[in-house]
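# Per-entry structural report
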Amino acid sequence: MIVATVGAVAVPVEEVDVRETRLRHGPLASSLPAPGTSEGRQLRRWLTQLIVTERLIAAEADAVGLTAADAPAQAEVLPDPTARLEIGSIAAAALADPRARALFAHLTAAVEVSDDEVADYHSRNPMRFAASATRPDGWRGPAAAAPPLAQVRSAITAHLRGAARRRAFRMWLDERRAALVWLAPGYEHPGDPRQPDNTHRH
C-alpha cells in the first residue's frame with residue numbers, strides 16, 4: 001500500500017509502520033496513543049507528514065549540494081519552545097537532521113529585518129530584553145527601567161530575524177508540499193478538517 005507520493009517517489013505503508021514501531025519501543029512509548037484509536041491514527045498521519053517532509057528536504061539539499069557540514073547548530077535554528085511552536089511540530093522534528101538545518105540556512109540566508117521593525121518591536125515590548133537587576137539583598141529582580149534601544153538593538157534584531165527565517169522556511173515547506181505531495185485517504189494531514197479524526201474534544 002502507498003500512503004503518499006513525493007513527486008514521483010512513493011512512500012510505502014511499511015515506512016510508516018517502521019517509524020511507529022520505533023516510537024512504540026522508545027522512551028516515549030507510555031505517552032503514545034493506543035494503536036487503532038482516533039489518536040493512534042492521527043499519530044500515523046503525523047509520521048507520514050514527517051516522512052514526506054524529510055524527503056522534500058533531502059531532495060532539495062541534494063539539488064543544491066548541501067551537506068551536514070553546512071548546518072548551523074539546532075539551538076541556533078530552534079532556540080526555545082516558542083520557536084518550535086512557530087515553525088510547527090513536523091518542521092521542528094525534521095530540523096533535528098543537520099542537512100535540514102543546512103537547507104534552512106541556505107533558504108533563509110537573505111531574510112533580514114528593518115530598523116523600523118526593530119524600533120517598533122522595542123516600543124511595544126520595552127522590557128523584553130531588559131537585564132535583571134541585583135537587589136540590595138543579593139537576589140536578582142526585574143529591571144527597574146526599560147533599556148534604551150541602542151543597548152538591546154542586536155538582541156531584538158536576532159530575535160526578529162530568527163522568527164522571520166522560521167516563517168520563511170515554514171512557508172517554503174508548505175508550498176513544496178502543496179506542489180509535490182499526494183496523500184492517500186486515511187493519511188491526510190492531521191489538521192485537515194476533512195478527515196474524520198480531526199475533531200476537537202475535551
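One numbering rule holds for all chains: residues counted from 1, following each sequence as written. Given that the model is predicted, a residue must reach a pLDDT of at least 70 before its local features are reported, and side-chain atom pairs must reach 80 or more before they are shown or counted; all residues, however, enter totals for whole chains, interfaces and linings. Values shown for side chains rest on all heavy atoms present in the structure; no hydrogens or waters enter the calculation.

The chain goes by Malonyl CoA-ACP transacylase in an unreviewed UniProt entry, where it is assigned to Mycobacterium heckeshornense.

The pLDDT value expresses, per residue, how confident the predictor is, ranging between 0 and 100. The pLDDT averaged across the chain works out to 93; a share of 99% of its residues lies at or above 70. For the chain, strand 3 (residues 133–134) is the element with the lowest average pLDDT, namely 77, and helix 6 (residues 98–108) is the one with the highest, namely 97. In this description a helix means any DSSP run of H or I spanning at least four residues, a strand means any run of E spanning at least two, and both kinds are numbered starting from the N terminus.

Right, let's talk about the environment of G40 for a bit. Among the structural elements, G40 can be located in helix 2 (residues 38–64). Put simply, G40 and E20 are 20 residues apart on the chain and 9.7 Å apart in space, counted from C-alpha to C-alpha. Every residue pair with non-hydrogen atoms within 4.5 Å of one another is taken to be in contact. Excluding residues that lie within four positions of it along the chain, G40 makes contacts with P33 and A34.

Let's shift gears to the packing of helix 1 (residues 13–24) against helix 2. The axes are straight lines fitted to the C-alpha atoms, using for helices just the contacting stretch, and the angles between their N-to-C directions are given from 0 to 180°. Axis separation between helix 1 and helix 2 bottoms out at 10 Å; the angle between their running directions is 115 degrees. By the angle between their axes, helix 1 is roughly perpendicular relative to helix 2. The element helix 1 and its partner helix 2 pack so that their crossing is right-handed. Within the contact between the two elements, helix 1 uses V13, E15, V16, D17, R19, E20, L23 and R24 and helix 2 uses L43, R44, L47, T48, L50, I51, E54 and R55. Note that the term roughly parallel is reserved for angles under 35 degrees, roughly antiparallel for angles over 145, roughly perpendicular for angles of 65 to 115, and oblique for everything else. A clockwise turn of the near helix away from the far one marks a right-handed crossing, whereas an anticlockwise turn of less than a right angle marks a left-handed crossing.

A word on the pattern of salt bridges. A side chain of one charge can pair with a side chain of the opposite charge if their charged atoms are brought near each other. Take a side-chain nitrogen of Lys or Arg and a carboxyl oxygen of Asp or Glu: if they are within 4 Å of each other, that pair is a salt bridge. One pass over the full model with this rule turns up 14 salt bridges. The closest approach of N and O atoms between D197 and R41, which form a salt bridge, is 2.8 Å. Linking D197 in the segment after strand 5 (181–183) with R41 in helix 2, this pair joins segments that are 156 residues apart in sequence. By relative accessible area, which is 7% here, D197 ends up buried. Among the ionic pairs, D62 bridges to R99, the shortest N-O distance being 2.7 Å. Here D62, found in helix 2, pairs with R99, found in helix 6; they are 37 residues apart in sequence, far enough to count as distant. With relative accessibility at 22%, the residue R99 sits in the partly exposed group. With a 1.4 Å probe rolled over the protein chains alone, any residue whose accessible area is under 20% of its type maximum counts as buried; one over 50% counts as exposed, and the rest are partly exposed.

On to the packing of aromatic side chains. Pairing of aromatic rings covers Phe, Tyr and Trp, the last through its six-membered ring, and needs centres within 6.5 Å; plane angles under 30 degrees mean stacked, over 60 mean edge-to-face, and all others mean tilted. As enumerated under the stated definition, the model contains two aromatic pairs in all. For the ring pair F169 and W172, a centre distance of 5.9 Å and an interplane angle of 25 degrees mean the geometry is stacked. Residue F169 and its partner W172 are both found in helix 8 (residues 149–180); the two are separated by three residues, about one turn of the helix. Taken as a pair, F169 and W172 share a single burial class, namely buried. Seen from the ring of F129, R128 lies directly overhead, with NZ or CZ sitting 4.5 Å from the centre. A ring is scored as having a charge over it whenever the NZ atom of a lysine or the CZ atom of an arginine sits within 6 Å of its centre and within 35 degrees of its normal.

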